[in-house]
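# Structural overview for review
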Amino acid sequence: MKSALFYYYQLSPLKLIKKKNYYYFFYEDALYYLCLLDRPIDYINEIILLDKMLINSNYMNIIYNIKGEAISLINNRYYMLLRSNNIKFSLLELYRPYYCYGNMLKLKILNHSDWGSLWTVKIDYFEYQKSYIKIKYPILYSSLDYYIGLSENAISYFYATNSYLKKDNADVLVVARRRINLDNFSFYNPLNLVIDHKARDVAEYLKYLFIKDNYSYDLIDEILDNINFSSYQFSLLMARLLFPSFYFDLYEDIINGYSKEERIVSILKRSSEYENYIRYIYFFINKKRSILKIDWLDSFI
């Protein structure tokens with residue numbers, strides 16, 4: 001791998017550290033990540049186009065190789081080299097999203113704003129898998145129906161939001177992240193970018209705080225107080241919180257052999273806590289804006 005780095009980028013680091021799907025190294029006081037590309041090239045090409053359109057952003061720099069290309073073929077696999085900007089996360093990133101303009105809105109593959117369709121495809125796949133995991137993954141099998149039920153609630157709420165609530169002028173698409181995890185380099189990783197609703201990053205950050213068990217209700221209040229969302233956008237936020245992406249992400253890691261099944265138990269033990277967590281957010285939002293009712297959250301009173 002060192003020889004490939006020198007060939008493509010004229011870089012010769014002393015040490016490469018290998019992780020699951022990337023390498024990282026330091027060179028001349030800069031931190032670099034050589035990332036394995038696990039998505040179709042058409043998808044990656046749209047990320048490259050989006051990155052070129054971003055002005056004064058905090059995302060890591062894509063380093064082009066000696067051929068002037070963002071993608072390098074190394075050992076028959078595609079990689080991209082990124083250089084960190086050493087920027088620390090700030091909540092301002094959530095309060096002041098990067099609004100899409102012009103040709104950004106023509107990037108169809110990166111547009112993930114139709115959550116209902118995307119979630120439906122995912123849930124249909126999990127339901128298809130269910131009969132095949134019963135013996136090998138009994139914990140996943142026994143818990144799957146509950147999280148599919150939450151997901152179906154999220155899908156219905158998303159469609160109801162788009163049917164009954166009007167968008168404000170500010171309800172335009174933004175540059176967002178597929179997932180938020182401050183324990184790795186993904187927040188400023190351009191490979192994590194999507195085009196989506198403003199509610200996405202806020203919801204994913206709130207889910208991240210819960211999963212890391214690193215939340216306080218004072219912090220939740222601060223975040224929600226500082227977000228000036230419309231009723232439409234706040235309803236999207238609730239829809240995204242209802243969808244348990246943290247469960248399905250780990251589910252897929254287990255199925256694909258990256259994690260042990262026992263890791264899911266920590267999520268299952270906190271299912272009631274998560275219901276109370278999103279209930280708190282739901283009632284806080286209702287004090288700011290009138291949003292669509294979620295009957296089972298109201299019934300907790």
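Presented here is an overview of the structure given in this document. (Residues numbered from 1 in each chain as written. Predicted model: local features only at pLDDT ≥ 70, side-chain atom pairs only at ≥ 80, totals over all residues. Heavy atoms only, no water.)

## Details of the packing of aromatic side chains
Two descriptors summarise a pair of aromatic rings, namely the distance from one centre to the other and the angle between the planes of the rings. For the record, the criterion: Classification of ring pairs rests on two measures: the distance between centres of Phe, Tyr or Trp rings, Trp counted by its six-membered ring, which must be within 6.5 Å, and the angle between planes, read as stacked under 30 degrees, edge-to-face over 60 and tilted in between. Helix and strand assignments follow DSSP, with helices taken as H or I runs no shorter than four residues and strands as E runs no shorter than two, numbered in order from the N terminus. A 1.4 Å probe rolled over the protein chains alone gives each residue an accessible area, and that area as a share of the maximum for its type sets the label: buried under 20%, exposed over 50%, partly exposed in between.
In this structure the tally under the stated criterion is 38 aromatic pairs. Ring centres of Trp119 and Phe243 lie 4.5 Å apart, and the angle between their planes is 5°; this geometry places the pair in the stacked category. Of this pair, Trp119 sits in helix H4 (residues 115-133) while Phe243 is found in the loop between helix H8 (231-242) and helix H9 (245-255), placing the two residues 124 residues apart along the sequence. Neither Trp119 nor Phe243 differs from the other in exposure class; each is buried. Seen in terms of ring centroids, Phe210 and Tyr277 are 5.1 Å apart; in terms of plane orientation they differ by 40°. Their pairing is tilted. Placement of the pair is Phe210 in helix H6 (residues 199-211) and Tyr277 in helix H11 (residues 271-288), with a sequence separation of 67 residues.

## As for the environment of Ile211
Just so we agree on the cut-off: Residues count as neighbours in contact if any of their non-hydrogen atoms are within 4.5 Å of one another.
By the secondary structure assignment, Ile211 is in helix H6. Overall, the relative accessible area of 34% leaves Ile211 in the partly exposed class. In this structure, the C-alpha to C-alpha distance between Ile211 and Arg270, residues 59 residues apart in sequence, is 9.2 Å. Ignoring anything within four residues of it in the chain, the contact list for Ile211 reads Phe246, Ile267 and Arg270.

## Considerations on the pairing of strand S6 (residues 77-83)
The two faces of a sheet get side chains in turn, since along a regular strand they alternate between them. Keep this limit in mind: In this analysis, strands are considered paired if DSSP registers two or more bridges between them.
Summarising the sheet, strand S3 (residues 30-36) and S6 pair through 5 bridges and their orientation is antiparallel. Paired with Cys35 across the strands is Met80, a residue of S6. Here 3 bridges tie strand S4 (residues 61-63) to S6, and the two strands are oriented antiparallel to one another. By the bridge assignment for S6, Asn61 is matched with Arg83. Bridge analysis of strand S5 (residues 72-74) against S6 gives 3 bridges, and the strand direction is antiparallel. Looking at the pairing, Ile74 lines up with Arg77 of S6. Hairpin connection of S5 to S6: 2 residues between the antiparallel strands, including Asn75 at a positive phi of 55°.

## A closer look at the side chain of Asn189
Let me state the cut-off plainly: Whenever two N or O atoms come within 3.5 Å, that pair is a polar contact, provided that in protein one can donate a hydrogen and the other can accept it, and provided that, for residues adjacent in sequence, both atoms are side-chain atoms.
Structurally, the position occupied by Asn189 is in the loop between strand S8 (174-177) and strand S9 (193-196). Overall, the relative accessible area of 8% leaves Asn189 in the buried class. At a separation of 2.9 Å, a polar atom in the side chain of Asn189 contacts the main-chain amide nitrogen of Leu191. For Asn189, the residues in contact, after removing those within four places along its chain, are Tyr59, Met60 and Leu82.

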